[in-house]
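Topology and contacts: notes
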Amino acid sequence: MKDIHSKLVEIINKNRIFQNEMMKKHTSFKIGGPADFFIIIESVEELKAVLKFAKELDIPVTCIGNGSNLLIKDNGIRGLTIKLDFKDLTINEDEIEAGAGVPIPVLARKAYENGLSGLEFASGIPGTLGGAIKINAGAYGGEFKDVVDFTTYLDNNLQIHTVSNEEQNFSYRNSRFNNTDDIIISAKMKLKKENKDIIKAKMDELSAKRKDKQPINFPNAGSVFKRKNEYIAAEVIDKCGLKGYNIGDAYISDLHAGFIVNKGNATAQDVIQLIEYIKNTVHEKYNINLELEIKVIGE
C-alpha cells in the first residue's frame, strides 16, 4: 500500500489521494465501506497516468461520479476508486460542451441562464454528466439521449474517441458505455433557444413534483428498480402493501414505493436484503421479476 501511495503521489497532488476512504461520504445513499484508495482526478493526463500505472501492476480501478445511482457494499472497494473532477463548461449558440464531472443541476441551470431548453427534465437529477450519459438518465419524459450530440471517452487502451448520438446505442437506462471500461471525458449537447421564463416555469413545475412525490429529505439512490412497458415498479410494490417496510435503517419510502431510503445508519446489507424481500414479494404476488436500476458494487 505504501508503494502504491508513493507512486500515486508522483502522478497527482497528495491532497487528492485518500486511503481507506469511507465511500458513504461519496454516495447519495450515505452508505459504503472503505475504498483502498479514493482519488480525485483533474485532467485527462492524470487519468491516463493513473490508469497506465494501475494496468502495469494489475490494480483494479473503479470510476464513479456523484454516487447518486450507486450502492457500495459494506466491505468497500479494492484497488483504486477514481472520481473525475472534469468541470469545464462552454456554451456556443445552442450547444453546451461540458466535462464528465459537471453536476447535472449545474448544467441545467447554465442552460436556463443562457435561454437554452432541453435540460429542464434533468434539473433535479443529482448525478454528474458522465454518469447520466452512461445510464441514459432521465425523468419526466426526458432522457439524455434526447440532447447528447457527441461524447468523448477514453478506452481501455488509453485512446481517446468521440462518438455521435447514434453510435452511443442509447436505450432505457442504458448506453454503449454501461458495461464497458470506457471512461467518459466530456460531451456536447444540442439544445433549443427558448424564452427563459418558459424554461424556468417548467423547471419549477418539475421541482414541485419531485418535492411532492419523492423522498428528498432522506438519503437515497433514486428509483431502485427499472420501469417496464408492462408495469411500473413503484405501483406493483405499493400494491403489495410494502410502503414503510424496513430492514434495519433501510426503509421502503412511505412517499414513493420505488425508493429505498436510509433513515439513519442503514448498511448496504440492509438495503440488499430489503431489495431481495421486495423482489421475492412482487414475484410471488404478480409473477414479475423486478430489474435493478441502481448499480451495486464493492465487496
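Look up a bit, the structure's there.
Residues numbered from 1 in each chain as written. Predicted model: local features only at pLDDT ≥ 70, side-chain atom pairs only at ≥ 80, totals over all residues. Heavy atoms only, no water.

Take the packing of helix α3 (residues 104-113) against helix α5 (residues 196-213) next. It is at 9 Å that the axes of α3 and α5 come closest, and there the two elements cross at 150 degrees. The angle between α3 and α5 places the two elements in the roughly antiparallel class. Every residue of α5 that contacts α3 at Ala 108, Tyr 112 and Glu 113 is listed here: Lys 196, Ile 199, Lys 200 and Met 203. In terms of residue class, the contact of α3 with α5 is built from four nonpolar, no polar and three charged. (Axes fitted to C-alpha atoms, helices over the stretch in contact; angles between N-to-C directions. Helix = DSSP H or I, 4+ residues; strand = E, 2+ residues; numbered from the N terminus. Parallel < 35°, antiparallel > 145°, perpendicular 65-115°, else oblique. Contact = heavy atoms within 4.5 Å. Nonpolar A, V, L, I, M, F, W, Y, C, P; charged D, E, K, R; others polar.)

It is worth spelling out α3 at this point. Within the sequence span of α3, burial applies to Ile 104, Leu 107, Ala 108 and Ala 111. Burial along α3 is one-sided: seen end-on, the buried residues are contained in an arc of 95 degrees. In this structure, the buried side of α3 is in contact with β6 (89-92), β7 (95-99), β8 (116-117), α4 (129-134), β13 (183-190) and α5. Taken from the residues just after α3, Gly 115 is the one with a positive phi, measuring 65 degrees. (Buried < 20%, exposed > 50% of the residue type's maximum accessible area, 1.4 Å probe, protein only. Arc of directions from axis to C-beta.)

For the rest of this paragraph, the subject is the sheet that holds β6. Pairing between the strands of a sheet is mediated by backbone hydrogen bonds and can be parallel or antiparallel. The five strands lie next to each other as β6-β7-β13-β11-β12, forming an open sheet whose pairing is antiparallel. Both outer strands of the open sheet, β6 and β12 (160-164), are each paired with one neighbouring strand and no more. Strand-to-strand twist across the sheet, computed as the mean angle between neighbouring axes with direction ignored, equals 15 degrees. (Pairing = 2+ DSSP bridges.)

The subject of this paragraph is the pattern of salt bridges. Going through the model one piece at a time under the given rule, you end up with 22 salt bridges. A salt bridge links Lys 25 to Glu 21, with the shortest nitrogen-to-oxygen separation between them at 3.1 Å. Of the residues examined, Lys 25 reaches a relative accessible area of 53% and is grouped as exposed. Look at Glu 21 and you get buried, because its relative accessible area is 10%. Ionic pairing is found between Glu 293 and Arg 173, a salt bridge with its closest N-O pair at 3.2 Å. Here Glu 293, found in the loop between α7 (268-286) and β19 (295-297), pairs with Arg 173, found in the loop between β12 and β13; they are 120 residues apart in sequence, far enough to count as distant. A relative accessible area of 12% means that Arg 173 is categorised as buried. Three or more residues are tied together by salt bridges with common partners; here these are Glu 143, Lys 145, Asp 146, Arg 173 and Glu 293. (Salt bridge = Lys/Arg side-chain N within 4 Å of Asp/Glu carboxyl O.)

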